[in-house]
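Now for the letters of each chain:
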Amino acid sequence: MLITNKRIGSEIPSSEITPENIYHERRLFFKSLGIAASSVAFLAASSKQVMAGVNVLPNFIHASNANEELLTPFKHITSYNNYYEFGTSKTDPAENAHTLKTDPWSIKIEGEVEKPLILSLDEIIKLAPLEERIYRLRCVEGWSMVVPWVGIPLSALIKKASPNSNAKFVEFISVSRPQEMVGQRSNVLDWPYSEGLRIDEAMHPLTILAVGLYGKLLPNQNGAPVRLVVPWKYGFKSAKAIVKIKLTEKMPATSWMKANSSEYGFYSNVNPEVDHPRWSQATERAIGDGFLSKRRKTEMFNGYTKEVESLYRGMDLRRYF
Ligand SMILES: Nc1nc2c(c(=O)[nH]1)N[C@H]1C(S)=C(S)[C@@H](COP(=O)(O)O)O[C@H]1N2
Ligand SMILES: [Mo]
């Protein structure tokens, strides 16, 4: 949908029009029409639109918590990244990730399932209405950003494959293409990047597969064409450019556990009370506020205690870090 809003031109000097301004204007426009987020009609983005490289996701359910969180500007979300397949510095992914070919793309779902599947990206985004989810991404390194993701609940994809009763864990495997990913030609991590969740964490309604942000297709540096987002866990759990999802009986080893199991555990829930062995996790720096800005307090489960604490009842979160 294209909305031209005259107020953008008249009230804000054109030099100050950023994607965020336009984005917020559009949000207000929906509000002023009295359209509740949940009632915005869902039409699946067609394969033609997505695959022909039209960079806009036109139809998705807008987030309802729009005013609670101040969004991190698009330019910061897309220029300060962790994506070791393209290098270890924060600016490497934005510079190098364009070499990954994201079309065609499919995800294979295998392991402890009744119906192993290979689904194209196109089939995946039609499994459920596309939804916007505004989540804070908290990196284990001590910075965070607030991102308006667009995606579908991961549960929709997992249900499609019918997990059997042995399925206790879910492993996520990122793409392995050293020819297209310059960082994979060195051994900083055990490639392909892999991550894991317990099945109840994977099926939780907050857990999504994201295909976009700020209403556009994901930029390559943020994990195009499809990445995981688990908002109550440290950012490294959210594997980018996923090609395989495997349901398993045993807890899978992840790339970070293999790299350093005393520093990176399987659960990796955001927890200000459990420090990383080399630094405190009590506070974080919000990207976009400037390096000199005051740090904010890190919240238990990144602010989602009410929604997820029941998953960990009776567990010692110091031991299961
Ligand atoms: N495949 C892959 N996924 C990855 C990473 C990576 O190096 N490779 N880095 C992780 C880390 S440490 C973080 S903090 C987030 C960063 O996501 P963003 O760049 O979209 O902010 O991606 C995670 N997913
Ligand atoms: Mo991270």
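Thresholds applied
- Residues numbered from 1 in each chain as written.
- Chains lettered and ligands numbered in written order.
- Predicted model: local features only at pLDDT ≥ 70, side-chain atom pairs only at ≥ 80, totals over all residues.
- Heavy atoms only, no water.
- Helix = DSSP H or I, 4+ residues; strand = E, 2+ residues; numbered from the N terminus.
- Buried < 20%, exposed > 50% of the residue type's maximum accessible area, 1.4 Å probe, protein only.
- Contact = heavy atoms within 4.5 Å.
- Areas by Shrake-Rupley, 256 points an atom, 1.4 Å probe, with all protein chains shown as cover.
- Pairing = 2+ DSSP bridges.
- Core = buried A, V, L, I, M, F, W, Y, C linked by side-chain atoms within 4.5 Å.
- Phe/Tyr/Trp six-rings, centres within 6.5 Å; stacked < 30°, edge-to-face > 60°.
- Lys NZ or Arg CZ within 6 Å of the ring centre and 35° of its normal.
- Near = heavy atom within 4 Å.
- Polar contact = N/O pair within 3.5 Å; in protein donor to acceptor, adjacent residues only side chain to side chain.
- 1 Å grid on protein atoms, 1.4 Å probe; cavity = no way out; pocket = protein on both sides within 12 Å on 5 of 7 lines; lining within 4 Å.
- Sits in = over half its atoms within 2 Å of the grid points.
- Nonpolar A, V, L, I, M, F, W, Y, C, P; charged D, E, K, R; others polar.
- Salt bridge = Lys/Arg side-chain N within 4 Å of Asp/Glu carboxyl O.
- Axes fitted to C-alpha atoms, helices over the stretch in contact; angles between N-to-C directions.

Broken down by element type, the protein carries ten helices and twelve strands. A buried classification covers 53% of the 321 residues belonging to the protein. Counted over contacts in the protein with a minimum sequence separation of 6, partners at least 24 positions apart contribute 71%. In the form shown here, the protein has an accessible surface area of approximately 15,100 Å², with 54% of it arising from carbon and sulfur atoms.

The next thing to look at is the pairing of strand 10 (residues 242-248). Relative to strand 10, strand 1 (residues 106-111) runs parallel, the two sharing four bridges. What sits directly across from lysine 108, in strand 10, is lysine 244. Examined bridge by bridge, strand 5 (residues 169-174) and strand 10 share six bridges and lie antiparallel to one another. Within the sheet, the bridge partner assigned to isoleucine 173 lies in strand 10 and is lysine 244.

Let's shift gears to the environment of threonine 88. Along the polypeptide, threonine 88 turns up in the loop between helix 4 (74-77) and helix 5 (92-96). A C-alpha to C-alpha distance of 8.4 Å links threonine 88 and valine 188, two positions 100 residues apart in sequence.

Now for the nonpolar core. Core analysis: the largest hydrophobic core is formed by 86 residues, its most contacted members being Ile109, Trp149, Phe172, Leu209, Trp232, Ile245 and Leu247. At seven residues, strand 4 (residues 143-153) tops the list of elements feeding residues into this core. Ignoring anything within four residues of it in the chain, the contact list for leucine 209 reads Ile124, Val150, Gly151, Ile152, Leu154, Leu157, Val226, Arg227, Leu228 and Ile242.

Scanning the entire structure with this criterion turns up 13 aromatic pairs. Measuring from ring centre to ring centre gives 6.2 Å for tyrosine 267 and tyrosine 312, while their planes differ by 90°; the resulting arrangement is edge-to-face. In this pair, tyrosine 267 sits in the loop between helix 9 (255-259) and strand 11 (283-286) while tyrosine 312 sits in the segment after helix 10 (305-308), placing the two residues 45 residues apart along the sequence. Each member of the pair, tyrosine 267 as well as tyrosine 312, carries the same accessibility label: buried. Above the plane of the ring of phenylalanine 74 lies lysine 216, whose end atom (NZ or CZ) is 4.4 Å from the centre. Its guanidinium or amino end placed over the ring of phenylalanine 266, lysine 237 lies 4.6 Å from that ring's centre, counting from NZ or CZ.

Our focus in this paragraph is the site of ligand 1. In the vicinity of ligand 1 lie 18 residues, with Asn81, Tyr84, Glu85, Ser238 and Lys240 positioned nearest. One nitrogen or oxygen atom from the side chain of asparagine 222 is found 2.9 Å from an oxygen atom belonging to ligand 1. Against a free-state accessible area of 540 Å², the protein chains account for coverage of 98% of ligand 1. Assessed atom by atom at 2 Å from the grid points, ligand 1 resides in the largest pocket. Among the residues making up the shell around ligand 1, the classes are represented as nine nonpolar, six polar and three charged.

Let us now look at the side chain of threonine 72. Looking at the element boundaries, threonine 72 is found in the loop between helix 3 (47-51) and helix 4. At 2.7 Å, the side chain of threonine 72 and the backbone nitrogen of valine 146 are in polar contact. Setting aside chain neighbours within four positions, we find threonine 72 in contact with Ile77, Met145, Val146, Tyr214 and Ile287.

Attention shifts here to the pairing of strand 6 (residues 194-198). Extensive coverage of strand 6 is indicated by the burial of five of its five residues. What you see with strand 6 is no split at all: Ser194, Gly196 and Arg198 on one side and Glu195 and Leu197 on the other are buried throughout. Sheet topology places strand 5 next to strand 6; five bridges connect them, and they run antiparallel. Within the sheet, the bridge partner assigned to isoleucine 173 lies in strand 6 and is serine 194.

Summed over the entire model, instances satisfying the criterion amount to 16 salt bridges. Between arginine 138 and glutamate 284 there is a salt bridge, with the nearest N and O atoms lying 2.9 Å from each other. Placement of the pair is arginine 138 in strand 3 (residues 131-138) and glutamate 284 in strand 11, with a sequence separation of 146 residues. For the pair formed by arginine 138 and glutamate 284, the shared burial category is buried. Residue glutamate 263 is joined to arginine 278 by a salt bridge in which the shortest nitrogen-to-oxygen separation is 2.7 Å. Pair noted here: glutamate 263 is in the loop between helix 9 and strand 11 and arginine 278 is in the loop between helix 9 and strand 11, with a separation of 15 residues, a long-range link. Residue arginine 278 is classed as exposed on the basis of its relative accessible area of 56%. What emerges from the salt-bridge pattern is a single network uniting Arg136, Arg138, Glu284, Arg296 and Glu299.

Right, let's talk about the sheet that holds strand 2 (residues 117-120) for a bit. In space, the five strands of this open sheet follow the order 2-1-10-5-6, with mixed pairing throughout. Every interior strand has two partners, whereas the edge strands, strand 2 and strand 6, have only one. Strand-to-strand twist across the sheet, computed as the mean angle between neighbouring axes with direction ignored, equals 20°.

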